[in-house]
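Each chain, letter by letter, is given below.
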2 protein chains.
Amino acid sequence: MRPNIYLFGDSITEESFDIGGWGASLANHFARTVDVVLRGYSGYNTRWALKVLDRIFPEKPDDDDSESEPIAVTVFFGANDACLQDRCSGFQHVPLHEYKHNLHSIVSFFKKRWPDTHVLLITPPPIDEDARLRFPYVENKQGLPERTNEAAGHYARACTDIAGECGVPVIDLWTKMQHCPEWKKEYLSDGLHLSQSGNQLVFQEVIRKLRDEGLSVEALPVDLPLISDIDPNDPMKVFQ
Amino acid sequence: MRPNIYLFGDSITEESFDIGGWGASLANHFARTVDVVLRGYSGYNTRWALKVLDRIFPEKPDDDDSESEPIAVTVFFGANDACLQDRCSGFQHVPLHEYKHNLHSIVSFFKKRWPDTHVLLITPPPIDEDARLRFPYVENKQGLPERTNEAAGHYARACTDIAGECGVPVIDLWTKMQHCPEWKKEYLSDGLHLSQSGNQLVFQEVIRKLRDEGLSVEALPVDLPLISDIDPNDPMKVFQ
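If you're wondering where the values come from, they're calculated on a predicted model, not measured in any experiment.

Colleague: Please clarify how the overall build of chain A should be interpreted in this entry.
Modeller: Per the secondary structure count, chain A includes nine helices and five strands. Its C-alpha radius of gyration of 20 Å places chain A within 12% of the 18 Å reference for a compact globule of 240 residues. By principal-axis analysis of the C-alpha atoms, chain A measures approximately 70 × 40 × 30 Å. Burial statistics for chain A: of 240 residues in total, 58% are counted as buried. Here chain A displays about 10200 Å² of accessible surface, and carbon together with sulfur accounts for 49% of that area. Charge-centre separation for chain A: the mean point of 24 positive side chains lies 4 Å from the mean point of 37 negative side chains.

In structure tokens form, the structure reads like this:
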């Protein structure tokens, strides 16, 4: 049986199988080695995610040994937690201290359930506030962006802090994207969600981090012989 | 637990999570309802597929009721079977009568294993012979295409015949693509594999056939409340 990689997060995860998306690119990259399983929930913050965690990843009975641990889980929350409380998407806001606590609880849940699974945190991306005004998701009477880049940065730093505390790898997307002077146009489609180029950056960072953990296409068993391993003079031999 | 849809086939399936691919588009379409599971094996014909079928889809012990039937399986073989025997990819060739027999056996395997699963056959696509000479996969000393459109058409018709015999739906890709006068440029990338437009045609046909079988996003249970179902004034209510 092939191992799984779960992608757990909000809309940036749920939409990751759209054209050029980072999730689809992972599935393509691991096409013969890993099943990439989508668990993205648009709009969710860590408070709601924590509430439904054991429904998304239900425990199997003790006598059921059919469950194998996934080799990795990406945990990609914070973009919704970072909505400002007094703005038009305030109902998604989670205070910073609670976000840290929730994220710690989510990592602990996975580490307890699957001790050998690599948990990979991803920080929220930076926010283009002007674009957030041009692409509203809900009615915005105040005319102020529901997210700011500064607030997203606080949640991104909190995420990297939690990764350090838990001893798990993290992709600091907020910082990495802003290394590119044209990050707003290059990596974002509506000031929050990822452009195709932003998706490809996430994909490249995820496979780089997985490789650092020893998880690469080269290191994983291939599901059945590759065509290059089949002898044209005796094709059936390899299947015996 | 979410139901699965398995995509079983050759390289046109294995590559279906590439940018704009039909498999990724299915996963995106069913992002909150179904897990789309990739089982594509580049270069494989029905003879090899049949040989490894019970390794790809192993039977669970009788006392293990954790396995749930997938809601659908796409079976997309024939492009390699249709390689001409006396050309440079002849080792992949499977005679037409054996292809029919193998395809019948594959459908029967799924119907026996999972009586309620919808098995959806897809015929091989048409072949652009000139393009096949421009994009060789192996050394081609003869200078003749390893596949012809006429031969692919025989396998496509055999596939639709088997669908009729087995009483399962089929997408006649060979015929459908050739309804477009510009099919060679529009739908194919190298005379055999699919362009992004060809991938989107397969995606649209698959969701149309699944809908005919009663399988649509609207008809399937959603995994956890959608953001639109969460009350901004009492977000936690829906999770109680």
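Colleague: What is the right way to read the sheet that holds strand β4 (residues 118–122) of chain B from this model?
Modeller: Pairing between the strands of a sheet is mediated by backbone hydrogen bonds and can be parallel or antiparallel. All names here are of chain B. The strand order β2-β1-β3-β4-β5 describes an open sheet built from five strands, whose pairing is parallel. Here the strands that pair on one side only, and so sit at the sheet edges, are β2 (35–40) and β5 (170–171). In the sheet, β4 pairs with β5 via two bridges, with the strands oriented parallel. Along β5, the bridge assignment pairs Leu-121 with Val-170.

Colleague: Help me understand the interface of chain A and chain B in this model?
Modeller: Size of an interface: often given as the accessible area lost when the parts come together. Every contact between the two is made by 44 residues of chain A and, on the other side, 45 residues of chain B. A buried area of about 3900 Å², summed over both sides, lies between chain A and chain B, and 64% of it is on carbon and sulfur atoms. Per-residue buried area on chain A facing chain B is highest for Phe-91, Leu-224 and Phe-239 of chain A; these three make up 15% of the total on that side. For the pair chain A and chain B, the interface holds four salt bridges. In this structure, the salt-bridge partner of Asp-35 of chain B is Arg-39 of chain A, at a minimum N-O distance of 2.8 Å. There are twelve residue pairs in polar contact (both at pLDDT 80 or more) connecting chain A and chain B. Sorting the residues of the side of chain A that touches chain B by element identifies α2 (22–29), β2 (35–40) and α3 (46–56) of chain A as the ones contributing at least two each. In terms of residue count, α3 of chain A provides more of the side of chain A that touches chain B than any other element does, six residues in total. Along the lines of polarity and charge, the residues of the side of chain A that touches chain B split into 23 nonpolar, nine polar and twelve charged.

Colleague: So what exactly am I meant to see when it comes to the packing of α3 of chain A against helix α4 (residues 96–113) of chain A here?
Modeller: Two packed helices can be described by the angle between their axes and the distance between those axes. All names here are of chain A. Axis separation between α3 and α4 bottoms out at 9 Å; the angle between their running directions is 25°. Of the possible angle classes, the one that applies to α3 and α4 is roughly parallel. Helix-helix and strand crossings are classified by hand; for α3 and α4 the assignment is left-handed. Residue-level contacts link Thr-46, Arg-47, Ala-49, Leu-50, Leu-53 and Asp-54 of α3 to Glu-98, Tyr-99, Asn-102, Leu-103, Ser-105, Ile-106, Phe-109 and Phe-110 of α4. Residues that form the contact of α3 with α4 fall into these classes: eight nonpolar, three polar and three charged.

Colleague: How should the relation of the copies chain A and chain B be read in this particular structure?
Modeller: With an axial shift of 0.0 Å and an RMSD of 0.0 Å, the rotation relating chain A to chain B amounts to 180°. With respect to symmetry, the two chain copies, as superposed, fit the operation of a two-fold axis. By residue overlap, the copies meet face to face through one surface: 100% of the interface positions of chain A are interface positions in chain B.

Colleague: Explanation requested: the pairing of strand β1 (residues 4–9) of chain A in the structure shown.
Modeller: Residues in a regular strand point their side chains to alternate faces of the sheet. All names here are of chain A. Counting buried positions along β1 gives five out of six residues, so the element sits mostly inside the fold. Note that β1 and β2 share six bridges and pair parallel. Counterpart to Tyr-6 in the pairing with β2 is Val-37. Pairing between β1 and strand β3 (residues 72–76): five bridges, direction parallel. Bridging across to β3, Phe-8 finds its partner in Val-75.

Colleague: What should I look at first to understand helix α9 (residues 196–212) of chain B in this one?
Modeller: Along an α-helix, a turn takes 3.6 residues, which lines up residues three or four apart on a common side. Between its first and last C-alpha atoms α9 of chain B spans 24 Å; for 17 residues at 1.5 Å apiece the expected length is 24 Å, and the two agree. Residue Gly-214 of chain B follows α9 of chain B closely and has a positive phi angle near 90°.

Colleague: Explain the nonpolar core to me, please; I cannot follow it from the model alone.
Modeller: Considering soluble globular proteins, one finds that nonpolar side chains tend to be buried as a cluster. Counting residues in each nonpolar core, the largest one holds 79 residues, and the members touching the most others are Trp-22 of chain A together with Trp-22 of chain B. Those residues in contact with Trp-22 of chain B, other than ones at most four positions away along the chain, are Leu-7, Ile-12, Thr-13, Ser-16, Thr-74, Phe-76, Ile-122, Leu-194, Asn-199, Val-202, Phe-203 and Val-206 of chain B. Membership of the second largest hydrophobic core comes to 35 residues, among which are Phe-8, Phe-110, Leu-121 and Tyr-155 of chain B.

Colleague: Can you help me understand the pattern of salt bridges in this one?
Modeller: All names here are of chain A. Throughout the structure, instances matching the rule amount to 25 salt bridges over all chains. In this structure, the salt-bridge partner of Glu-146 is Arg-132, at a minimum N-O distance of 2.8 Å. Of this pair, Glu-146 sits in the loop between α5 (129–134) and α6 (149–166) while Arg-132 is found in helix α5, placing the two residues 14 residues apart along the sequence. For the pair Glu-146 and Arg-132, a shared accessibility class is recorded, and that class is buried.

Colleague: Please explain the sheet that holds strand β4 (residues 118–122) of chain A as it appears in this structure.
Modeller: Strand order in the open sheet formed by five strands is β2-β1-β3-β4-β5 (chain A), with parallel pairing between adjacent strands. Single-partner strands in this sheet number two, and they are β2 and β5 (170–171) of chain A.

Parameters at a glance
- Residues numbered from 1 in each chain as written.
- Chains lettered and ligands numbered in written order.
- Predicted model: local features only at pLDDT ≥ 70, side-chain atom pairs only at ≥ 80, totals over all residues.
- Heavy atoms only, no water.
- Helix = DSSP H or I, 4+ residues; strand = E, 2+ residues; numbered from the N terminus.
- Rg over C-alpha atoms; globule rule 2.2 N^0.38 Å.
- Buried < 20%, exposed > 50% of the residue type's maximum accessible area, 1.4 Å probe, protein only.
- Areas by Shrake-Rupley, 256 points an atom, 1.4 Å probe, with all protein chains shown as cover.
- Lys, Arg positive; Asp, Glu negative; His and termini not counted.
- Charge placed at Lys NZ, Arg CZ, Asp CG, Glu CD.
- Pairing = 2+ DSSP bridges.
- Contact = heavy atoms within 4.5 Å.
- Buried area = accessible area lost by both parts, 1.4 Å probe.
- Salt bridge = Lys/Arg side-chain N within 4 Å of Asp/Glu carboxyl O.
- Polar contact = N/O pair within 3.5 Å; in protein donor to acceptor, adjacent residues only side chain to side chain.
- Nonpolar A, V, L, I, M, F, W, Y, C, P; charged D, E, K, R; others polar.
- Axes fitted to C-alpha atoms, helices over the stretch in contact; angles between N-to-C directions.
- Parallel < 35°, antiparallel > 145°, perpendicular 65-115°, else oblique.
- Left-handed = near helix turned anticlockwise from the far one by under 90°.
- Least-squares fit on C-alpha atoms with pLDDT ≥ 70 in both.
- Expected span 1.5 Å × (residues − 1).
- Core = buried A, V, L, I, M, F, W, Y, C linked by side-chain atoms within 4.5 Å.

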